[in-house]
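Now for the letters of each chain:
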Amino acid sequence: MTELNAEHARQAIVEHTRSLTEAAAAAGPDAVVPTAPQWTVSDLVEHVGQTQHWVSEIIERRITDPMQLPREMAVLPTNPQEWSAWLSESARRVANACSDDALDAPVFNPAGDERSGTRFWLASLLNEAVVHGADAAGAAKRTVDIDADIAAALITNHFAMLTSPNWEMQRSESAHAIRGTGQRLQWAATDLDGDAGAWFVERRPDGANWQPGSHPADVTISGPARSLLLTLTRRLPLTDSGITVDGDTTLAQHWLDNTAHVAG
């Protein structure tokens, strides 16, 4: 299992936000985002920049009470030529807010798990930059590069979210749908060694459970970590050429159909 390195994550947020900006400029503000067809590129840029500014304020102010979360959102510049500077500012603000000094400071964690609030938000904003960067790349008919270790850390974050104490409260339909009677799914990254690229999921009556490592499963989904991440976040289908499914494809598809936690 790949753990999230804070400095690498901060750098990746800046880099993927920059790539998103470049893809957005190439696609144009009114282009439809194929992987989120209810959004235009303008909507995508607004969402990412606003989220980065909003979360930065939470961490900067060390907000612990959800009733005190910021109520105002940053305003997207009306001129698309100003988007690059706006997103660069928001990404840099995130990197600065998630400093080493802030990593274990008291900050609200919506997942309610063992992570500090800042570590939760760092993973969430990295996920936003990477996955929505892929959305923007798709709108511009480009491919997106995602380092295997970053993709693996985000896959770990994905499973942590789905099995967090507050998931059922936030997404009750999803939490109910992924319960089961012992069905087992194995996710395996072919470009990482050992447990660094292996995630095992068991659907139990009291909820889904996951752990790192390889175990016998009813279905095994294999591919590069990048492809697994984009499949788990429903940006690539199971039928993508980079993905191999061995076993019960219906079980794998059911999981994907009921586990999206990425906006859009």
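Right above here is the structure, for reference.
A brief structural summary. Values in this document were obtained by computation on a predicted structure and should not be read as measured data.

Describing the pattern of salt bridges
(1) Moving on: Using the criterion set out here, one finds 10 salt bridges in the structure.
(2) Moving on: Its salt-bridge partner being Asp218, residue Arg184 comes within 3.4 Å of it at the nearest N-O pair. On the criterion of sequence distance, the pair formed by Arg184 in strand S1 (residues 183-189) and Asp218 in the loop between strand S3 (207-212) and strand S4 (219-223) is long-range, its members being 34 residues apart.
(3) Moving on: The partly exposed category is assigned to Arg184, whose relative accessible area is 29%.
(4) Moving on: Residue classification places Asp218 among the partly exposed residues on the basis of a relative accessible area of 32%.
(5) Moving on: Salt bridges here are not isolated pairs; linked through shared partners, they connect Glu7, Arg10 and Asp100.

Re unusual backbone geometry
(1) Moving on: Positive phi, close to 55 degrees, is recorded for Arg62, a residue that is not glycine.
(2) Moving on: Along the polypeptide, Arg62 turns up in the loop between helix H2 (41-60) and helix H3 (83-97).
(3) Moving on: Here Arg62 falls in the partly exposed class, since its relative accessible area comes to 33%.
(4) Moving on: One non-glycine residue, Arg234, adopts positive backbone phi at about 65 degrees.
(5) Moving on: Here Arg234 is to be found in the loop between helix H8 (225-232) and strand S5 (244-247).

Quick word on the pairing of S3
(1) Moving on: Alignment of strand S2 (residues 198-204) against S3, held across six bridges, turns out to be antiparallel. Of the residues in S3, the one forming a bridge with Val201 is Trp210.
(2) Moving on: Between S2 and S3, which pair antiparallel in sequence order, lie two residues.

Re a negative patch on the surface
(1) Moving on: On the surface, Glu15, Asp145, Asp147 and Asp149 cluster together into a patch of negative charge.
(2) Moving on: Here Glu15 lies in helix H1 (residues 6-27).

A closer look at the environment of Ser56
(1) Moving on: Inspection of the secondary structure assignment puts Ser56 in helix H2.
(2) Moving on: Using a relative accessible area of 1% as the deciding quantity, one classes Ser56 as buried.
(3) Moving on: When the C-alpha atoms of Ser56 and Arg203 are compared, they prove to be 35 Å apart, with 147 residues separating the residues in sequence.
(4) Moving on: Setting aside its immediate chain neighbours within four residues, Ser56 contacts Ser90, Arg93, Val94 and Ala97.

What to know about the nonpolar core
(1) Moving on: Residues Phe159, Trp187, Trp199 and Trp255 are the most contacted members of the largest nonpolar core, which totals 63 residues.
(2) Moving on: Excluding its chain neighbours within four sequence positions, the residues that come into contact with Phe159 are Trp187, Trp199, Val201, Trp210, Leu232 and Trp255.
(3) Moving on: In this structure, Ala23, Ala36, Trp39 and Ala136 belong to the second largest nonpolar core, which totals 18 residues.

Describing H3
(1) Moving on: The end-to-end C-alpha distance of H3, which contains 15 residues, comes to 21 Å, matching closely the 21 Å that a straight helix rising 1.5 Å per residue would cover.
(2) Moving on: On its buried face, H3 sits against H1, H2 and helix H4 (117-139).

What counts as what
Residues numbered from 1 in each chain as written. Predicted model: local features only at pLDDT ≥ 70, side-chain atom pairs only at ≥ 80, totals over all residues. Heavy atoms only, no water. Salt bridge = Lys/Arg side-chain N within 4 Å of Asp/Glu carboxyl O. Helix = DSSP H or I, 4+ residues; strand = E, 2+ residues; numbered from the N terminus. Buried < 20%, exposed > 50% of the residue type's maximum accessible area, 1.4 Å probe, protein only. Pairing = 2+ DSSP bridges. Patch = residues over 30% accessible without salt bridge, like charges linked within 9 Å, V, L, I, M, F, W, Y side chains within 5 Å. Areas by Shrake-Rupley, 256 points an atom, 1.4 Å probe, with all protein chains shown as cover. Lys, Arg positive; Asp, Glu negative; His and termini not counted. Charge placed at Lys NZ, Arg CZ, Asp CG, Glu CD. Contact = heavy atoms within 4.5 Å. Core = buried A, V, L, I, M, F, W, Y, C linked by side-chain atoms within 4.5 Å. Expected span 1.5 Å × (residues − 1).

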